[in-house]
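Examining the three-dimensional arrangement
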Number of protein chains: 2
Amino acid sequence: MANMEAQKIELVKSLLRRLHEEANVEELKREFKQVLSTVQPWEIPLIEQQLVKEGVPISEILKLCDLHVDLFREYLAGRELRGVPEGHPLDLLLKENELLLKLSEQLSVVAGALQSARNEELKPLFEQMKALLRSLRGIRTHYRKVQMLIFPYLERRGIVAIPRVLWGREDGVIVKLRALLKGVEGELPPSEVRLMAEEALKLAREVSELVFRENKILYPAVFALFSEGEWAAIAEEAEKIGYLVKPERKWEPRAEPLLPHQVDPQISGEAVEKLPPEFRETALLRLEPDAYQLKREGDLDLGTGFLTLGEVKGIFEALPVEVTFADASDRVRFYSDGRLPSVFVRTRTILGRRLLFCHPPRLERLVNETVEALKRGEANYREFWTRIGDRVVRVFISAVRDEEGNYLGAVEVVEDFTEALKNPEEVLKKVVVL
Amino acid sequence: MANMEAQKIELVKSLLRRLHEEANVEELKREFKQVLSTVQPWEIPLIEQQLVKEGVPISEILKLCDLHVDLFREYLAGRELRGVPEGHPLDLLLKENELLLKLSEQLSVVAGALQSARNEELKPLFEQMKALLRSLRGIRTHYRKVQMLIFPYLERRGIVAIPRVLWGREDGVIVKLRALLKGVEGELPPSEVRLMAEEALKLAREVSELVFRENKILYPAVFALFSEGEWAAIAEEAEKIGYLVKPERKWEPRAEPLLPHQVDPQISGEAVEKLPPEFRETALLRLEPDAYQLKREGDLDLGTGFLTLGEVKGIFEALPVEVTFADASDRVRFYSDGRLPSVFVRTRTILGRRLLFCHPPRLERLVNETVEALKRGEANYREFWTRIGDRVVRVFISAVRDEEGNYLGAVEVVEDFTEALKNPEEVLKKVVVL
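It should be emphasised that the depicted structure is a prediction, and the values quoted were computed from it without experimental measurement.

Its rotation angle being 180°, the transformation that places chain A on chain B also includes 0.0 Å of axial translation and leaves an RMSD of 0.1 Å. Considering both components of the superposition, the chain copies are consistent with a two-fold axis.

Have a look at this one:
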């Protein structure tokens, strides 16, 4: 190890000692801020590895991960992101990244220790590594927001390569994490434990690299590009996915939400100016702004999209379930004429028929009780399993309500479950990783 | 047995002898038509039972079943039904009833023989009975047409009690047949075999009673009541259910199909005159014509029913599956925002997005291949099974096409199959008879 690095190690070690002795972390931070100015954030994990080798207790080093992220917050987020309001989607994504960075550093410390530990020391470290891997599972929630909320706005502007490359790397992290979580199950011999630790080290490195890439390149770029309305839509839709951190306050946008398909795909010169150079070069190389018009003449607005009447009909026919709908007055109003072999044949002569009259008298009470429970709001659905010939079938009766929760009717969804129930082993054999 | 009946038995026995000797059945029919005029159709099964007891071979008596139905065709169908055109739905229902009557008579003969047979004679008779019960399964197809095609037109006119009572009896036949088919499985001790035979006799009696009831009361009534347009609709819809007999020629109605909800529910005096007395009395006792208007202002016409836009939205939300649709240009146009916990979160930011960009680069080839296969018409759907966390999920990608078969897009239907696949035993325990 070079002299320069040896010096840094000594600096960090003294920091750790002080951290151990002093209660006042804030005081400590101020004091060491200047000292640490010679250390680059990406050097920290290397220094931590070195400390492990020198026998500094793991528990001490893990404390350092927190301090490191605290101290380098400004560097990590980048000056370009000054002015991100609290609770803004980018603010929360940055905070998620702080968490992910801490987790990946801790994983790196523990996995590094595992590699050099003696056989009898493996067990507690291995358990610690497993726990950290499990905590990292939440990363999917972080990436999903980037992939589903941020990328579509870039694609709209014709910036398609960067999202694809980033998603590829994020996907690599997920695939590696999934493999590791599976790999560490059960009791493993020491050689396997060390192999897993090696993989975990690679994973930790990739996670923190992606944190830097997002914080230093992606986020500054989208902060420059996206309008307040776009962030308003992102904030709204992000609620369905959720955050790994608890927002302290709700951000109140001053613009109406704007979805990608509503965005003018042209990028202004002013925005280009503000782009981080790494982003600008790649993104503007081959720009193909996307002028796709989602809403067409005569489209039906379904709240979560637009469909023509022909598409609605076609979708019902294409479903692997049979749908029959009776309205609030218990009259059959619609059934789907699916392409798959039908379980219960339905004919157009039942349109307008009383729901009760579509069943034998023996089932009248059951039908009545089910519909009444849905009407009273006691349940959103009732599920029945039955046999039709040699088929095992699920009959799912589900309440249809409007946006205010008023009862509009009941839909019966019939589905053939024979294969899954009679040959579950065969079906499970078909499971693939998607 | 009374003298009168003994005489009839002798008559039938001589008929049987002749049937055995002579090749010309037509000649025989003419000759015996007059002789048999003293025998009522419902006496035949009793006479047949008596012949079994007297030791006439079963195979001989079974021939009689066919002859009986042939000879009494006119009586069975009733004079009121003269003029039913060939291939007309009623013509085919009548022919189905001839078949069902023959089957029930044969069942009655075999089950009667079983009851009085010695233990060592049971086996072949029992096998014969099982085969007959299996042939009778088709009766469901007959009843379904009556229940789904005929009854709705009666209900529309306010005649609701008769369909309910008839369906109750038809349902009784189905339930009994189902129990018998289950009961006769495997090897049974003689006492059980005889019990089954007793049940089969009851079933046979009920089937033939329903044949008479339909032929003598229901069919003449609906023939008097329904217009040519109604029969045209019934003929059209019956094709989905199918017939037990092969129509020799297609009936060509001279009117446009008229569905129940399009029918004027008032019964004309002229039609009332033509109703069989048994039907008239019950039907007209408390008539509540049904003026339900199926099509409402602003309804969407889906071909198999009408829905408001709100109902379409509500139905998608109520489904136990997640639906996402991309159009023919591979753009996401719609996704359903279901009530159940989501498998794949979808947000409004993906509306208008390229389908390919909704997946990690790793899956691009798979997505492309799937969509191309659907576009080329090589497949109507592709099915994938995968794991999401601890859930096992089916991803069903199905082609959406218009009436001419043109590709409109692809719908992805995602469904959680975990319960069925991981605890099939638990699910199968919930199976009930519906």
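With that out of the way, let us pick up the packing of aromatic side chains. Summed over all chains, the structure comprises 14 aromatic pairs over all chains. Ring centres 4.6 Å apart and planes at 20° place the aromatic pair Tyr381 of chain A and Phe396 of chain A in the stacked group. Here the residue Tyr381 of chain A occupies a position in strand β5 (residues 381-388), and Phe396 of chain A occupies one in strand β6 (residues 391-401), the gap between them amounting to 15 residues. By relative accessible area, which is 36% here, Tyr381 of chain A ends up partly exposed. For Phe396 of chain A, a relative accessible area of 2% corresponds to the buried category. Geometrically, the ring pair formed by Trp385 of chain B and Phe417 of chain B is edge-to-face, given 4.9 Å between the ring centres and 80° between the ring planes. A residue pair is termed long-range when its members are at least 10 positions apart, and Trp385 of chain B in strand β5 (residues 381-388) and Phe417 of chain B in the loop between β7 (407-416) and α16 (418-422) qualify at 32 residues.

Residues and elements named next belong to chain A. One non-glycine residue, Asp330, adopts positive backbone phi at about 60°. Within the secondary structure layout, Asp330 lies in the loop between β3 (322-327) and β4 (332-335). Look at Asp330 and you get partly exposed, because its relative accessible area is 23%.

The sheet built from six strands is open, its strands ordered β8(A)-β5(B)-β6(B)-β7(B)-β3(B)-β4(B) with mixed pairing. Every other strand in the sheet has two partners, leaving β8 (431-432) of chain A together with β4 (332-335) of chain B as the edge strands with one partner each. Pairing analysis gives three bridges linking strand β3 (residues 322-327) of chain B to β4 of chain B, with the strands arranged antiparallel. Each residue of the ladder has a partner; that of Thr324 of chain B, found in β4 of chain B, is Tyr335 of chain B. Along the sheet, helix α14 (residues 309-318) of chain A makes contact with β3, β4, β6 (391-401) and β7 of chain B, crossing β6 of chain B at roughly 130°.

Cut-off values and rules
Residues numbered from 1 in each chain as written. Chains lettered and ligands numbered in written order. Predicted model: local features only at pLDDT ≥ 70, side-chain atom pairs only at ≥ 80, totals over all residues. Heavy atoms only, no water. Least-squares fit on C-alpha atoms with pLDDT ≥ 70 in both. Phe/Tyr/Trp six-rings, centres within 6.5 Å; stacked < 30°, edge-to-face > 60°. Helix = DSSP H or I, 4+ residues; strand = E, 2+ residues; numbered from the N terminus. Buried < 20%, exposed > 50% of the residue type's maximum accessible area, 1.4 Å probe, protein only. Pairing = 2+ DSSP bridges. Contact = heavy atoms within 4.5 Å. Axes fitted to C-alpha atoms, helices over the stretch in contact; angles between N-to-C directions.

Read these as geometric descriptors, not functional statements.
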